[in-house]
Protein chains: 4
Amino acid sequence: MKKIIKNGTIVTAADTYKADILVEDGKIALIGQDLSDSAAEVVDAQGHYVFPGAIDPHTHLEMPFGGTVSKDDFETGTIAAAHGGTTTVIDFCLTDKGKPLQNSIDQWHAKSHDKSVIDYSFHLMIGEINEDVLEQLPSVIEDEGITSFKVFMAYKNVFQADDGTLFRTLEEAKKLGALVMVHAENGDVIDHLVTKALEAGQTDPIYHALTRPPEVEGEATNRAAELTGLADSQLYVVHVTCEEAVTAIANARKKGYKVIGETCPQYLVLDQSYLEKPNFEGAKYVWSPPLREKHHQEVLWNALKTGDLQTLGSDQCSFDFKGQKDLGKGDFTKIPNGGPIIEDRVSILFSEGVKKGRLSLNEFVNITSTKIAKTFGLFPQKGTISVGADADIVIFDPNVERTISVETSHMAADYNPFEGMKVTGQPVSVLSRGDYVIKDKEFVGKIGSGQYLKRSRFGELTTSQEELYQK
Amino acid sequence: MKKIIKNGTIVTAADTYKADILVEDGKIALIGQDLSDSAAEVVDAQGHYVFPGAIDPHTHLEMPFGGTVSKDDFETGTIAAAHGGTTTVIDFCLTDKGKPLQNSIDQWHAKSHDKSVIDYSFHLMIGEINEDVLEQLPSVIEDEGITSFKVFMAYKNVFQADDGTLFRTLEEAKKLGALVMVHAENGDVIDHLVTKALEAGQTDPIYHALTRPPEVEGEATNRAAELTGLADSQLYVVHVTCEEAVTAIANARKKGYKVIGETCPQYLVLDQSYLEKPNFEGAKYVWSPPLREKHHQEVLWNALKTGDLQTLGSDQCSFDFKGQKDLGKGDFTKIPNGGPIIEDRVSILFSEGVKKGRLSLNEFVNITSTKIAKTFGLFPQKGTISVGADADIVIFDPNVERTISVETSHMAADYNPFEGMKVTGQPVSVLSRGDYVIKDKEFVGKIGSGQYLKRSRFGELTTSQEELYQK
Amino acid sequence: MKKIIKNGTIVTAADTYKADILVEDGKIALIGQDLSDSAAEVVDAQGHYVFPGAIDPHTHLEMPFGGTVSKDDFETGTIAAAHGGTTTVIDFCLTDKGKPLQNSIDQWHAKSHDKSVIDYSFHLMIGEINEDVLEQLPSVIEDEGITSFKVFMAYKNVFQADDGTLFRTLEEAKKLGALVMVHAENGDVIDHLVTKALEAGQTDPIYHALTRPPEVEGEATNRAAELTGLADSQLYVVHVTCEEAVTAIANARKKGYKVIGETCPQYLVLDQSYLEKPNFEGAKYVWSPPLREKHHQEVLWNALKTGDLQTLGSDQCSFDFKGQKDLGKGDFTKIPNGGPIIEDRVSILFSEGVKKGRLSLNEFVNITSTKIAKTFGLFPQKGTISVGADADIVIFDPNVERTISVETSHMAADYNPFEGMKVTGQPVSVLSRGDYVIKDKEFVGKIGSGQYLKRSRFGELTTSQEELYQK
Amino acid sequence: MKKIIKNGTIVTAADTYKADILVEDGKIALIGQDLSDSAAEVVDAQGHYVFPGAIDPHTHLEMPFGGTVSKDDFETGTIAAAHGGTTTVIDFCLTDKGKPLQNSIDQWHAKSHDKSVIDYSFHLMIGEINEDVLEQLPSVIEDEGITSFKVFMAYKNVFQADDGTLFRTLEEAKKLGALVMVHAENGDVIDHLVTKALEAGQTDPIYHALTRPPEVEGEATNRAAELTGLADSQLYVVHVTCEEAVTAIANARKKGYKVIGETCPQYLVLDQSYLEKPNFEGAKYVWSPPLREKHHQEVLWNALKTGDLQTLGSDQCSFDFKGQKDLGKGDFTKIPNGGPIIEDRVSILFSEGVKKGRLSLNEFVNITSTKIAKTFGLFPQKGTISVGADADIVIFDPNVERTISVETSHMAADYNPFEGMKVTGQPVSVLSRGDYVIKDKEFVGKIGSGQYLKRSRFGELTTSQEELYQK
């Protein structure tokens, strides 16, 4: 059924203007002023912004971690995402060394296919590189449309790959047109610091932060960036938290290396002191890399402004405080890493970024949607409001004030790390391919209606897009 | 009369997509696929890009300089600009110390009003700051819509202002919402180096470059940037040519200073060796700052990619080789500075930037148009293709190959500095507010049809644009 | 008369060892263990360090400033210096534009010749460069042995020179083998900030600091360093106070520029908050550049360690609080700039530097003496303990604890800016060319016994010293 | 027997002066002018410099490597060293994982004790850290006086340690007062690049350089420096070759990290093109890290000047071209790494550094001797000319010109990498603890007369040396 979104202010990564949008067959068909079509349902956007649906490039839904499983699955997670204005997620597909990659991908399809209420795609973890793995990669790209590979430099003896694996993945990615993503922390050093802390009886959540200091993130980020330059490949650094890592990325970009950095809302507004909350509440704020001292926040904001950081992910990986996070009582290493962020990611960037004058509206859209779509091969189907694009659209009230709380959250976890934070701005209605997922702030979508997205290769966006888009 | 631009690939600073555009009353009225309107003239853009008209933020048309006057005036200059895909120019209005600013502005209106074939605006030179000048500035902004002020750190005893003037201009600009532009070279040092060279009988054109080394540009750029940070104001550095200046800008941006850098096509593709051409031909390549050694070029390209430089100007200021440039025979200081660039600016960036994989299409549009419109308060009326914007549109053939030559140029000067350079891509037709200026590569516009543009304040674009665009 | 300094630990910029020193004819004649000579007076240095006499490269004795004259003259000033372990001072000879340089030099000789109790030399201020000045410089170097010229980038309309003057002085210095010293602050900007502050009724001492922020020092330091690199000359930046300036110097050195930086004890241990002391006491802490926020201190200490800063001066320029500093009540610009530092410079570096583990003993000697002698053409006559050098020797008790106070000070001013500061270490006896100036902490020297020192050219120390020292 | 070194110009890291030296009981007993002692042998140093014996902190004598053994042992190697003016070597004692450290040390004693003609000491390689190793370290320091531990970040599956081992070694070194030395190249990446090269049939010597690019050295240097800062420990980076590594060290020092860098003569004067010599001669120039492109040389020279690099080692590890280097014909990985450098290290720094004006005489002595002695706990017994120090003394003719050649070399290998290079300056006579080792350019020493040196802890030199030297 057709819809006309009327009277809103359309915002893209470049533009801000008042116009109506005609949606037909799930696509944006027409943009103009004073559109009318008797067959179309009218969506009133008066006084609201009309954004392209946000894309979350970094989620871990229903993911096994340390003997438990992250709380939000593709159903609750994507419903919450939609409430927050996100219409696409790209989830990390974990792999097991020695097992066929397709097995892991099939598992990920299995847990998402019948549940996701918005479109989705996968990144693939690379734990090792050998002839066997190399043989499988072309089909991962061709058949599955998975064009981004993640390598962990931390989590020793679990996910951690050595530098040879990272480098070969970068080489292979260049050859195949894929993008390498990296969790940049020095896992060897962390492993030792953690051992020392536990031996010293330092078991509280704050020691999670103190055993992963900024130096280990800065070092690893520099290392990954240098290997990228050497391989003439492309790199995406997930969840950048600190000045040290931003400097490494900026230096690499100055040398002409293709390095892109992502940060997350928690690093922009929360700080290390949260880990010291009493009654084990610090466990709610355990991410890797950890929250940092407050002065890093302005560095991250400025990097989003200058382009040394370019995207915002949630690193959504929620756990209940009771029953999951408390597995780490008496031993911070047993606290599952992560938190429920997927729903509030966009609102926080709008409220703290746009409303406080740190970012323009266009930069906000670029950071939460357009640049992500371009980086991960989803553009121009996703990530913008242009004729021919999927009608993934957010009607956003920029003036409503609300207080973030687990009470009103749609995520499954039993707490919200931003509890009590006041934000301005909220999605009112959200369309996925032209259909309401959220209408007047209520979920009205259909479980399992999200479609799996095969993605384009990375290299296509770094050269002239002529051939690409004239097809 | 209505027009429909059909079958082209529309490119904005964010988007690349196939769609038709309905132009009505000089504005973009509708964007959609397969548009039709029997009352509309069809403009066929099949196989072509549809770009927003480019904006040239840096021209000197019919400008007195060193006892002569730049060759292209608002008629030949804007016709040539239009041929090259430029639909708006912002020209520098020079002022005289001690005289009312309005006098100078009136002069500039007088020479442009009946001549310009595209829309235009003015920057205002600030030579000194005193109570008298301060009193005049609000009306310059309010009444004339001139929201950018240029200060020269070079041209001793001619245009050069001291650091106090620069700093007070920065302070005043912050207060009034204007943008300060700076020609960043240390004029005192240049003055001495020039004197020494002449005393040593070093009178050939190459000494123009050797007496203005990169250090004097790097130093002055750093100085202007630091004063900007101190004043918490905003700065636009015109015609950046070298690594030293790029580093100064990058450092400033890393500290959170609001500093924007512009480069010009000549610095991207020509180098200092051109000044050594025999038979005084080096004089054709005399700009200030001068052309640099070749290794600076990749630094400039990379800076356009990373955002440390953000715009491309032409610094159009053309002189005939015979009769003007040759005033400097036997004394390089008498060579009028500048050259005819306005026509080829866009083509060169497309050919060397997009076609060679250094920039994406969207980055190209941003650098030549959108970012300039946003920076100088012309957005969203100019600088993009969105519903409601002025229909300043370029139909661009990305595949045609041509050789730049004075023979085919529309600029008035008797030579072209890019003579013999092969470029790919050329505007086919150009609309200004919906009317053809160029049609099938022929000028069909009307002399004097260009309108003067009052511009918005700078600060408006750095904060939430909500209030701005919801009006 | 001969002397043997027995049982001390001799410390030079390279060495630390126990040995005796035989002094004869004002020179160091012999170094060995268990020396004896019946004709020699024994100076017992058991448990003490034996340092080369410190050199203060930066004093303003009996200097006219703002309608008054600095309190310590060459008599009180050098007596106090000697008490502090300083055996040579290099004072700044101010000049007047348009008057013969020799006039000024003669004035300086007149006020020092009959008063100084230790050896001394002069730097010469360069206020302008013209043919007349250029003609005089060779004889300043040849006849007077003045091989260092100071240029002020601040004190607008008083001492300030323009960039052309600075650059030409650098060029001339290279040609003549002199060293250019620079007071690096942007005087134009300061002048405006001061005017604004006064207009706003901001007249308290703290506004002295707030109108000379670190940015104006960092900018000017970078400017001077770049001009030095361009001229392939040599630069000495006096009284570096902040991270911005240290960064500028470090960057220059990394590029291979010959740039040397000096800091002063006040910047290492005092901070901007002192300017806010009540009852106008902040005036006691008015220097230009001003004291900075505390975090700059560790940057300065580390720069002394890494060599980005290399020397320590006092910038001695004392004024009474009553009768001089209080000229600035109600108008901070009338507070005479400077303070009494000459006596405590060495003790503070020893106590805060060596005793606190920031510097080694050898580094301490280098920073307070050897490097200064080498930089200013006094080496090896001054600045070290080696056979053949002048017997300018300090017997230093490293363990005595004392509290700095005006009560025990030998400087003429009525306050001490370090009042109440506890330091460890103090000179016990001080020899100048073999004669006691200080004996058992009492002044026993002779007024006027100090000799004027002609200094070598700068360049001699940057090349092989073979020819130099084999003569 | 006593000796008097007469009429020379004594040069230390601080001083340059004419004086005589009385040597007695192997120590420097007296320094003065015109010394005489009828019982003393006179050593005429007229027209010569008198330097402290140089120290080579980086040798591999009779070391097993890749199935062969380095050619020079402690006899030929130290004889050659002495000819070149070196009077102390510190050799690397390799260890085997799982075996007692003392075993390795005993082996090293066995091969040096009866052979060395000059004094010597050992560094100890740390291949892994575990409880067993940790238990042994205190006695290595206490009993053996080995206070420096080397960790390899390269040579995968041979010497390479992981980051955890490096970090724990840094922690332990801090605790014990030892210095960690690091071979900084990313071995994982090199291992892969080498495998790829061989698979591609790239077997010539030049591929040794191309598979170990500067990026892998720069990255690893930054990594080691960051881990040092994190551990608040101390680091010595051996054989720095490139701008990338210098930048990493400079950045670390700017942050206050205790990082010291060493370079080697081959990197200062040879470049990567040597590896392309025909007839497999490139193999003569195979070091790890490899020779670099020429532009790195000036960066290294400037870093020695500014202090970002502080010492010069030889990395002596010689192999015959025939019979050893040619093991790598058809497979560059089989070329033994290293070359004969021990003899010419000092001459090259003097000739290219001092004579060409890049370094002062004092800096030359510091870099080749004094700073090394201080860094490795040999000072003030070694590394200077001061009363009480060992009489390790070099009489050096600064003006003799010679051409380096294997024909005149005293090293055992069958080629010299500096063959044909003209240098100015050569040791004439060399004393070790007062005895001639070299007299009139002939070896006159005694095989096995060199003594093993136990060294002091590192930390002692970073704090006040008061307690140290007053004993």
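Residues numbered from 1 in each chain as written. Chains lettered and ligands numbered in written order. Predicted model: local features only at pLDDT ≥ 70, side-chain atom pairs only at ≥ 80, totals over all residues. Heavy atoms only, no water.

Student: Describe the overall build of chain A, naming the residues involved and giving the relevant values.
Tutor: For chain A, the count of helices and strands is 13 helices and 21 strands. For chain A, whose C-alpha radius of gyration is 21 Å, the value lies close to the compact-globule estimate of 23 Å for 471 residues. For chain A, long-range pairs separated by at least 24 residues make up 77% of all intrachain contacts whose partners lie at least 6 apart in sequence. When the accessible surface of chain A is totalled, it reaches about 14,500 Å², and 46% of it is carbon and sulfur. The averaged location of the 69 negative side-chain charges in chain A is 2 Å from the averaged location of its 48 positive side-chain charges. (Helix = DSSP H or I, 4+ residues; strand = E, 2+ residues; numbered from the N terminus. Rg over C-alpha atoms; globule rule 2.2 N^0.38 Å. Contact = heavy atoms within 4.5 Å. Areas by Shrake-Rupley, 256 points an atom, 1.4 Å probe, with all protein chains shown as cover. Lys, Arg positive; Asp, Glu negative; His and termini not counted. Charge placed at Lys NZ, Arg CZ, Asp CG, Glu CD.)

Student: Account for the packing of aromatic side chains, with residues named and values stated.
Tutor: Considering all chains together, one arrives at 76 aromatic pairs over all chains under this definition. An angle of 70° between the planes, with centres 5.8 Å apart, marks the rings of A:Phe152 and A:Tyr155 as edge-to-face. Residue A:Phe152 shares its accessibility class with A:Tyr155, and that shared class is buried. Centre to centre, the rings of D:Phe51 and D:Phe350 are 6.3 Å apart; their planes meet at 55°, and the pair counts as tilted. One end of the pair, D:Phe51, is in strand β7 (residues 49-52); the other, D:Phe350, is in helix α11 (residues 345-354), with 299 residues separating them in the sequence. Pairwise contacts between aromatic rings join A:Tyr49, A:Phe51, A:Phe350, A:Phe364 and A:Phe396 into one cluster. (Phe/Tyr/Trp six-rings, centres within 6.5 Å; stacked < 30°, edge-to-face > 60°. Buried < 20%, exposed > 50% of the residue type's maximum accessible area, 1.4 Å probe, protein only.)

Student: Quick one: what's the story with the sheet that holds strand β18 (residues 393-403) of chain D, residue by residue and with numbers?
Tutor: All names here are of chain D. Pairing in this open sheet of 7 strands is mixed, and the strands run β3-β2-β7-β18-β19-β20-β21 from one edge to the other. Strands with a single pairing partner mark the edges of an open sheet, and in this sheet they are β3 (16-18) and β21 (442-443). Direction of pairing for β18 relative to strand β19 (residues 422-432): antiparallel, over a ladder of 8 bridges. Across the sheet, residue Asp 397 finds its bridge partner in β19, namely Gln 426. Seen against the sheet, helix α1 (residues 74-83) touches β19, β20 (435-439) and β21 and runs at an angle of roughly 80° to β20. (Pairing = 2+ DSSP bridges. Axes fitted to C-alpha atoms, helices over the stretch in contact; angles between N-to-C directions.)

Student: Please set out the relation of the copies chain A and chain B residue by residue, giving values where relevant.
Tutor: For the pair chain A and chain B, the best superposition has an RMSD of 0.0 Å and corresponds to a rotation of 180° with a translation of 0.0 Å parallel to the axis. With respect to symmetry, the two chain copies, as superposed, fit the operation of a two-fold axis. Same-surface contact between copies: 100% of interface residues of chain A are shared with the interface of chain B. (Least-squares fit on C-alpha atoms with pLDDT ≥ 70 in both.)

Student: Explain the pattern of salt bridges to me, and be specific about the residues and the numbers.
Tutor: When charged atoms on two side chains of opposite charge get close, those side chains can pair. Counted by the stated rule, this structure contains 144 salt bridges over all chains. Its salt-bridge partner being D:Glu363, residue D:Lys305 comes within 2.9 Å of it at the nearest N-O pair. Residue D:Lys305 is found in helix α10 (residues 295-306), and its partner D:Glu363 is found in helix α12 (residues 361-375); the two are separated by 58 residues along the sequence. The partly exposed category is assigned to D:Lys305, whose relative accessible area is 33%. The closest approach of N and O atoms between D:Arg402 and D:Asp344, which form a salt bridge, is 3.2 Å. Remark: D:Asp344 occurs in the loop between β17 (311-312) and α11 and D:Arg402 occurs in strand β18; sequence separation between them is 58 residues. Salt bridges sharing partners connect three or more residues here, namely A:Lys27, A:Asp119, A:Lys382, A:Asp390, A:Asp392 and A:Arg433. (Salt bridge = Lys/Arg side-chain N within 4 Å of Asp/Glu carboxyl O.)

Student: Tell me about the arrangement of the chains, residues and numbers included.
Tutor: Chain C makes no contact with chain A, the minimum C-alpha separation between the two being 14 Å. Where chain B comes nearest to chain D, the C-alpha atoms are still 14 Å apart, and the two do not contact one another.

Student: Give me the lowdown on the sheet that holds strand β14 (residues 179-183) of chain C, citing residues and values where you can.
Tutor: Residues and elements named next belong to chain C. Across the sheet, which stays open at both edges, the 8 strands sit in the order β8-β11-β12-β13-β14-β15-β16-β17 with parallel pairing between neighbours. Every interior strand has two partners, whereas the edge strands, β8 (54-59) and β17 (311-312), have only one. Here strand β12 (residues 119-125) pairs with strand β13 (residues 148-152) via 2 bridges, running parallel. Residue pairing in the sheet places Met 125 in a bridge with Lys 150 of β13. Lying on the sheet, helix α2 (residues 101-112) is in contact with β11 (86-93) and β12; it crosses β12 at an angle near 155°. Sheet strands in contact with helix α11 (residues 345-354) are β8, β11 and β17, and its direction is about 115° off that of β8.

Student: Help me get a handle on the interface of chain D and chain C, residues and values and all.
Tutor: Many authors give the size of an interface as the accessible area that is lost as the parts come together. Across the boundary between the two partners, chain D contributes 51 residues, which contact 50 residues of chain C. When chain D packs against chain C, the two sides together hide about 3,900 Å² of surface, and 46% of this comes from carbon and sulfur. There are 0 salt bridges connecting chain D and chain C. Linking chain D with chain C are 13 residue pairs in polar contact (both at pLDDT 80 or more). If you list the elements that add at least two residues to the side of chain D that touches chain C, you get β3, β5 (27-32), α8 (243-254), α10, α12, β18 and α13 (466-470) of chain D. At 4 residues, β5(D) tops the list of elements feeding residues into the side of chain D that touches chain C. Split into classes, the residues belonging to the side of chain D that touches chain C amount to 18 nonpolar, 23 polar and 10 charged. In the sheet, strand β5 (residues 27-32) of chain C pairs with β5(D) via 3 bridges, with the strands oriented antiparallel. Paired with C:Gly32 across the two strands is D:Leu30, which belongs to β5(D). (Buried area = accessible area lost by both parts, 1.4 Å probe. Polar contact = N/O pair within 3.5 Å; in protein donor to acceptor, adjacent residues only side chain to side chain. Nonpolar A, V, L, I, M, F, W, Y, C, P; charged D, E, K, R; others polar.)

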